[in-house]
Amino acid sequence: VLPGDNLQQSSPIPDTAQTDKERPTDSAGKAGLPRVVVVGSGFGGLNLVRGLSRGEVEVILLDRNNYHGFWPLLYQVATAELIPDSIAFPIREVVRKYHQVTFHMAEVCDVDLQQKQIQLQAGPPLAYDYLVLAAGSTNNYFGNETTARNTFSLKDVDQAVEIRHGLLKAFEKASLEPDLNRRKKLLTFLIIGSGPTGVELSAAFAELILPLVRKYYPALADVPPRIILVEAHTTMLESFPKGLQKKAQQHLERLGVEVLKNHEVTQVENGEITFKHGSKMQAGTVVWAAGVRASPLAEKLGIKLAHGDRVPVEPTLNLQDHPDVFVIGDMAYLEGYKGGQQSYPGVAQVAIQMGERAAKNILAQVEGRPMKKFHYLDKGQLSTIGRKDAVADIFNLQLSGLLAWLVWAAVHIYYLLGMRNRLLVMLGWAYNYLTYNLAMRIIGGASNRKENQ
Ligand SMILES: Cc1cc2nc3c(=O)[nH]c(=O)nc-3n(C[C@H](O)[C@H](O)[C@H](O)COP(=O)(O)OP(=O)(O)OC[C@H]3O[C@@H](n4cnc5c(N)ncnc54)[C@H](O)[C@@H]3O)c2cc1C
């Protein structure tokens, strides 16, 4: 049973509506239409909403944030290259043009498939005719709470800003630290996990930290900063072709990143990293980029989850026995990637294309047509390594170096929402690349005040 009935009067969201007759008129004035509730306005959710905007449905879009985050450029916020606003776009600006879509900033905490309603953290239950879960993923620490508490992570804008503050504070602390070993520890930056996020972050750390120290912290000249990328397995960028993996490692090492493969981290506590084979290492800043799992909302469905706690879906993207409930993007588990048994990976293109297919399938049901299976057009994969190198595996072409970087830059600018954000990002890149200066070197904000109290 979902709580919240007592709050129904004060909620701005229409409370319940199983039948057209009972349904109250919502703020968009679309009474009588089937209601689609969408949880998450990321790559999957937003593209779904766009697809639904052509149909005769009422859409309520919910997100715990009031912005759509462009996560592929998040590492540049963490490394002080871009301002947070340039990779976040207000959701109300997107939905403004769709007359039947209403957005609410709200965290969804439970799903009741039998009653066909969801529960918000604050407010009454919200009934749906169709439900789409597109709440993305969260970090997977494989049950290790100590490591979770002692590492930075990079999943949203707040976490990126925390990394930025941690990074900049490390230099300030080191420049006041008389003990050589403690200075060395403060100037050791370790990234766990060598997927695209780990690779991009470690390259950006190297390209920005090394000149920063040389230019602004001459007192630290006796302790060269170390940037270490740690991988549990024998390969980095596992999903890329072997040749590109090798090139990526060469690029990283040229930038000054130490790559440690075959080093599984079992614990991180007080800046001490313990590896499975017994050795230990000290680092002042540790970032966890080693694993993801579906949003905890997946557990609320009460069904058996697949690898990474993802929700198994039918090829039409709805739950088995629930044609009215769709799960898309990072939350969904569907096999068939590259025509085989592999599940579709947690990347933006999969979420975008699943959003488009789920929208078509909902409208098909509303209009009494059969649903169609999800077909994926694989546009390839890209990973940048610093400010002028990248590796790209696109449309059967394998590129590396500057050409791959230009492809990477063009793709990211194209998919970024909003002209203002595109201009801000391009301006930020031009400024950083020409001057080697960081855009955001201020340590400030609420988190800093709390720490200084
Ligand atoms: C740092 C980083 C770098 C990445 N780089 C790339 C890349 O270069 N290329 C690539 O293809 N992919 C990349 N990805 C992966 C890509 O961003 C995801 O695959 C994609 O965002 C998945 O889309 P989604 O719609 O499933 O989830 P998301 O885009 O993550 O959106 C989920 C939304 O749900 C909201 N939400 C979550 N829980 C709740 C709740 N309980 N209630 C209400 N709202 C909720 C969140 O606020 C968020 O807005 C990267 C991811 C990260 C974190």
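The residue numbering used here restarts from 1 in each chain and proceeds along that chain's sequence as written. Only residues with pLDDT of at least 70 are given local features in this predicted model, and only at 80 or more are side-chain atom pairs given and counted; all residues enter the totals for whole chains, interfaces and linings. Note that the side-chain values use all heavy atoms of the structure and ignore hydrogens as well as water.

*Asks:* Please clarify how the pairing of strand β2 (residues 58-63) should be interpreted in this entry.
*Replies:* Each regular strand carries side chains that alternate between the two faces of the sheet. Residue exposure (1.4 Å probe, protein chains only): buried if accessible area is under 20% of the type maximum, exposed if over 50%, otherwise partly exposed. Under the scheme used here, helices are H or I runs from DSSP no shorter than 4 residues and strands are E runs no shorter than 2 residues, and both carry numbers assigned from the N terminus. Within β2, six of the six residues are buried, leaving the element largely enclosed by the surrounding structure. Here β2 shows no split at all, with E58, I60 and L62 on one side and V59, L61 and D63 on the other all buried. The pairing criterion is simple: DSSP has to find at least two bridges between the two strands. Bridge count between strand β1 (residues 35-39) and β2: five bridges; the pairing is parallel. Paired with V39 across the strands is L62, a residue of β2. Call a crossover right-handed when, viewed with both strands pointing away from you, the route from the first strand across the helix to the second goes clockwise. Crossover β1 to β2 through helix α1 (residues 43-52) is right-handed. Where β2 lies against strand β5 (residues 101-105), five bridges are found, and the strand directions are parallel. Looking across to β5, one finds that I60 is bridged to T102.

*Asks:* It is not clear to me how the site of the ligand should be interpreted in this structure. Could you clarify?
*Replies:* Proximity is defined per residue: any heavy atom of the residue falling within 4 Å of a molecule or strand makes that residue near it. Taken together, 27 residues sit near the ligand, with G44, D63, V108, D330 and A348 positioned nearest. Within the backbone of R64, an N or O atom sits 3.1 Å from a nitrogen atom of the ligand. Contact between the ligand and A348: an oxygen atom at 2.9 Å from a main-chain N or O atom of the residue. Protein contact buries 90% of the 990 Å² of open area that the ligand shows by itself. Among the elements of the structure, α1 and α9 (348-366) are those that each provide at least two residues to the shell around the ligand. Only Asp, Glu, Lys and Arg are considered charged in this grouping, and only Ala, Val, Leu, Ile, Met, Phe, Trp, Tyr, Cys and Pro are considered nonpolar; every other residue, Gly among them, is considered polar. Per-class residue counts for the shell around the ligand are 13 nonpolar, nine polar and five charged. Throughout this description, a polar contact denotes any pair of N or O atoms lying within 3.5 Å of each other; where both atoms belong to protein, one of them has to be capable of donating a hydrogen while the other can accept it, and for residues adjacent in sequence the pair is counted only when both atoms sit in side chains. Surface accessibility follows the Shrake-Rupley procedure with a 1.4 Å probe radius. Residue values consider only the protein chains on display as shielding.

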